[in-house]
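An overview of the molecular structure
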Amino acid sequence: MSSGASNPEYVNARVRSRQAAMLADEDYRKLIRMGPSEIARFMEETEYEREINELGTRFSGVNLIEYALNRNLAKHFNDLLEWAEGRLYDLIARYLRKFDVWNLKTIIRGIYTDSDADAIRTDLIRAGELDDRTLDRLVELDSIEDVIEVVGGTIFADPLADAYEEYEAVGTLVPLENALDRAFYENLLEDLGRPQEGPEATYVEFLQTEIDFRNARNALRLARSGADLDPAAYYIEGGVLFDESELNRLVGHYDELVDHIAENKRYGDRLSGALERLRDADSLIQFEHALDAALLEYADTLSSIYPTTITPVLSYILAKEREVENIRAIARGREVGLDESEIEEELVIL
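Let us look at the structure shown here. (Residues numbered from 1 in each chain as written. Predicted model: local features only at pLDDT ≥ 70, side-chain atom pairs only at ≥ 80, totals over all residues. Heavy atoms only, no water.)

1. Structural notes on a negative patch on the surface
Quick note on the threshold: Excluding any residue in a salt bridge, patches collect residues exceeding 30% relative accessible area, merging like charges within 9 Å and nonpolar Val, Leu, Ile, Met, Phe, Trp and Tyr side chains within 5 Å. To measure how exposed things are, a 1.4 Å probe is used in the Shrake-Rupley method; for residues, cover is taken only from the protein chains shown. Salt bridges are identified by distance alone: a Lys or Arg side-chain nitrogen within 4 Å of an Asp or Glu carboxyl oxygen. All tallies of charge rest on Lys and Arg as positive and Asp and Glu as negative; His and the ends of each chain are not included. By convention, charge coordinates are those of NZ in Lys, CZ in Arg, CG in Asp, or CD in Glu. Here a strand is any run of E in DSSP of at least two residues, a helix any run of H or I of at least four, and the numbering for each starts at the N terminus.
Together, Asp114, Asp142, Glu145, Asp146, Glu149, Glu165, Glu166, Glu168, Asp230, Glu237, Asp243 and Glu244 make up a negatively charged patch on the protein surface. Turning to its location among the elements, Asp243 is positioned in the loop between α13 (199-225) and α14 (244-250).

Take a look at the structure:
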């Protein structure tokens, strides 16, 4: 752990300035009507200018947008670590390991689909603890077993090794991806305990919420799929919405599962609109987006109530991720010829 005092007031002031410069929802509606080259020109007039200009001589179209988005995201999140001190640095660094999960999933999927190294590299977000040298080595590997060997010594090595046998048995990446998610979330809460008050209590509350929403998403996917899958393989410890036995009981009963979420005092009111939409939905995508929006709103609420804790930083990280994912979804949607309404369904708009 880092020594020295935390500096949340300074970091949060910098974060608020950054958040004020982010795209508004009406900007996404403008982008939906543009092609990839127009989107890149639009980005050049925003705080993505530097990345677009630096990368524009080597890339074009969607590839230029992808590289610029990922480089900008990594820059912003590395800035957080540059600004933060003491325990605040530790908590931010711990949370940013989510991009190690993203990168490892991207690399494993690339190997699974026999993608070339450059295609895999496009999707990497260099904002976690795995350094550039390790990531560059990983993208050149030919087997998932080699990936497990290279990440030896990290929190992901043992869970991936344990899941590898099941991966070989079922032939899909689900066991490996679940192992990465569980290692990340369960490690986040490790040795934090359950503080009842103070800055770390708000951090734990936020993490519990993110775990709950991830479990809800996985449970609803399982309930809708009707597939004979083991719910325990999807369950992430640490939330307050489900225990493992409740998830096992509810996963086959879709309406009861929705009721269980709705009846929870912590989330029922906040998710009431999302739950009503879910009851009538033919697909989970709108509910999943509503969960993402609800998590953003929850983080914003915590950051308003506790402005001198880490929660403004977490709120900013989620908002920045949303911006990047929305721009990426628009660019990819335009490239493959989706119409405007189809693209808008892929966006998280508050």
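Right, picking up where we left off after that structure.
2. Considering the packing of helix α7 (residues 98-112) against helix α18 (residues 311-335)
What counts, and what does not: All axes here are fitted lines through C-alpha atoms, helices being fitted over the stretch that makes contact, and every angle between N-to-C directions spans 0 to 180 degrees. Working definition: roughly parallel below 35 degrees, roughly antiparallel above 145 degrees, roughly perpendicular at 65 to 115 degrees, and oblique for all remaining angles. Note on contacts: a residue pair qualifies if any of its non-hydrogen atoms lie within 4.5 Å across the two residues. Residue polarity is assigned by list, with Asp, Glu, Lys and Arg as charged and Ala, Val, Leu, Ile, Met, Phe, Trp, Tyr, Cys and Pro as nonpolar; anything else, Gly included, falls into the polar class.
Running from N to C, α7 and α18 cross one another at 25 degrees; their axes reach a closest spacing of 13 Å. It follows that α7 is roughly parallel to α18 by the angle criterion. Contact residues: α7 offers Lys98, Phe99 and Trp102, while α18 offers Leu318, Glu321, Glu325 and Arg328. For the contact of α7 with α18, the residue count by class is three nonpolar, no polar and four charged.

3. Considering the nonpolar core
Quick note on the threshold: Joining through side-chain atoms within 4.5 Å is the link that ties buried Ala, Val, Leu, Ile, Met, Phe, Trp, Tyr and Cys residues into a set, and such a set is a nonpolar core. Between buried and exposed lies partly exposed: a residue is buried under 20% and exposed over 50% of the maximum accessible area for its type, with that area taken using a 1.4 Å probe on protein chains only.
In this structure, Tyr95 and Ile327 are the most contacted members of the largest nonpolar core, which totals 122 residues. With 12 residues, the single largest contributor to this core is helix α5 (residues 61-83). Among all residues touching Tyr95, those that are not within four sequence positions of it are Phe184, Leu188, Tyr203, Phe206, Leu207, Glu210, Leu314, Ile317 and Leu318.

4. Let's talk about helix α1 (residues 8-20)
Selection criterion: Helix span, expected: 1.5 Å multiplied by one less than the number of residues in the helix. It is the directions from the helix axis to the C-beta atoms whose arc is reported.
For α1, spanning 13 residues, the distance from its first C-alpha to its last is 18 Å, which sits close to the expected 18 Å at 1.5 Å a residue. Taken together, the buried positions of α1 are Pro8, Val11, Asn12 and Val15. The buried side chains of α1 occupy one side of the element, clustering within an arc of 95 degrees when seen end-on. Seen from the buried face of α1, the exposed residues on the opposite side, beyond 90 degrees, are Glu9, Ser17 and Ala20. Residues of α1 that are buried in the fold lie against α5, α6 (86-95) and α18.

5. Quick word on the pattern of salt bridges
Here the structure, examined in full by the defined rule, presents 28 salt bridges. A salt bridge links Lys105 to Asp181, with the nearest nitrogen and oxygen atoms 3.0 Å apart. Separated by 76 residues along the polypeptide, Lys105 in helix α7 and Asp181 in helix α12 (residues 174-189) bring together distant segments of the chain. For Glu323, the salt bridge is made with Lys320, and the minimal N-O distance between the two is 3.1 Å. Of this pair, Glu323 and Lys320 are both found in helix α18, three residues apart, which corresponds to roughly one turn of the helix. Overall, the relative accessible area of 1% leaves Glu323 in the buried class. Exposure remark for Lys320: the relative accessible area of 1% places this residue in the buried category. Here the salt bridges share partners, and the residues they tie into one network are Glu66, Asp123, Glu325, Arg328 and Arg332.

6. Points about the environment of Ala183
Looking at the secondary structure, you find Ala183 in helix α12. Sequence separation between Ala183 and Arg137 is 46 residues, and the spatial gap between their C-alpha atoms is 22 Å.

7. Comments concerning the packing of aromatic side chains
Under the convention used in this document: Centres within 6.5 Å make a pair out of two Phe, Tyr or Trp rings, where for Trp the six-membered ring is used; the pair is then stacked when the planes are under 30 degrees apart, edge-to-face when over 60, and tilted otherwise.
Under the counting rule described, the total for this entry stands at 10 aromatic pairs. Considering the side-chain rings of Phe59 and Tyr67, the 4.2 Å spacing of their centres and the 25 degrees angle between planes classify their relative orientation as stacked. Taking the centre distance of 6.4 Å and the plane angle of 65 degrees together, the rings of Tyr112 and Tyr167 count as edge-to-face. Here Tyr167 lies in helix α11 (residues 157-170) and Tyr112 lies in helix α7, a separation of 55 residues in the sequence. The class of Tyr112 is partly exposed, set by a relative accessible area of 41%.

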